[in-house]
Amino acid sequence: MELAVLADRRGQGIGRALHTALLDGVTAERVTLTVRPEAPAAAWYEHLGYQLVGLTQPWDGAPVYRSVIKPLRP
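Residues numbered from 1 in each chain as written. Predicted model: local features only at pLDDT ≥ 70, side-chain atom pairs only at ≥ 80, totals over all residues. Heavy atoms only, no water.

Participant: Before we go on, may I ask you to explain the packing of aromatic side chains in this structure?
Facilitator: Considering all chains together, one arrives at two aromatic pairs under this definition. Here the aromatic rings of Tyr45 and Tyr50 are separated by 5.3 Å at their centres, their planes lie at 75°, and the arrangement is edge-to-face. You'll find Tyr45 and Tyr50 in the same group, each marked buried. Connected via pairs of aromatic rings, a cluster forms that spans Trp44, Tyr45 and Tyr50. We note Arg36 situated over the ring of Tyr65; from NZ or CZ to the ring centre the distance is 5.9 Å. (Phe/Tyr/Trp six-rings, centres within 6.5 Å; stacked < 30°, edge-to-face > 60°. Buried < 20%, exposed > 50% of the residue type's maximum accessible area, 1.4 Å probe, protein only. Lys NZ or Arg CZ within 6 Å of the ring centre and 35° of its normal.)

Participant: Would you mind going over the side chain of His19 with me for this structure?
Facilitator: If you trace the backbone, His19 turns up in helix 1 (residues 14-23). Once you skip the residues sitting within four places of it in the chain, His19 turns out to touch Trp44, Tyr45, Leu48 and Tyr50. (Helix = DSSP H or I, 4+ residues; strand = E, 2+ residues; numbered from the N terminus. Contact = heavy atoms within 4.5 Å.)

Participant: Any chance you could explain the pattern of salt bridges here in plain terms?
Facilitator: In a structure, side chains of opposite charge can pair up when their charged atoms sit close to one another. With the rule as written, the count across this model stands at three salt bridges. Here Arg36 ties to Glu38 by a salt bridge, and the two come within 2.7 Å at their closest N and O atoms. (Salt bridge = Lys/Arg side-chain N within 4 Å of Asp/Glu carboxyl O.)

Participant: When you look at the nonpolar core in this model, what are you seeing that I'm missing?
Facilitator: Nonpolar side chains tend toward joint burial in soluble globular proteins. Grouped together as the largest cluster of nonpolar side chains are eight residues: Val31, Leu33, Val35, Ala42, Tyr45, Leu48, Tyr50 and Val68. Elements with a contribution of two residues or more to this core: strand 1 (30-35) and helix 2 (40-47). Ranked by residues supplied to this core, first place goes to strand 1 with three residues. Look past the residues within four positions of Ala42 in its chain and what remains in contact with it is Val35, Arg36 and Pro37. (Core = buried A, V, L, I, M, F, W, Y, C linked by side-chain atoms within 4.5 Å.)

Participant: I'm lost on the pairing of strand 3 (residues 65-71) in this one. Help?
Facilitator: The two faces of a sheet get side chains in turn, since along a regular strand they alternate between them. Taken across its seven residues, strand 3 has five buried, putting it largely inside the fold. In this structure, strand 2 (residues 51-56) lies alongside strand 3, joined through five bridges in antiparallel fashion. Residue pairing for strand 3: Gln51 is matched across the bridge by Ile69. (Pairing = 2+ DSSP bridges.)

Shown next, in the form of structure tokens:
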């Protein structure tokens, strides 16, 4: 699944609302995702508490992504 907020709609709480809705009811201990390092969302996810665990390249020639994780349970 990919999630994005149009540039002219950023800063209005849309991304936070989508993120909250996606995690609502999740019973897992943690959530992981990948994000392009140059994407505006990369810093935003860090602000939400995600931590870098490594870089990944899904296939030869694909862009490199940051793999991040956020604990949901103590």
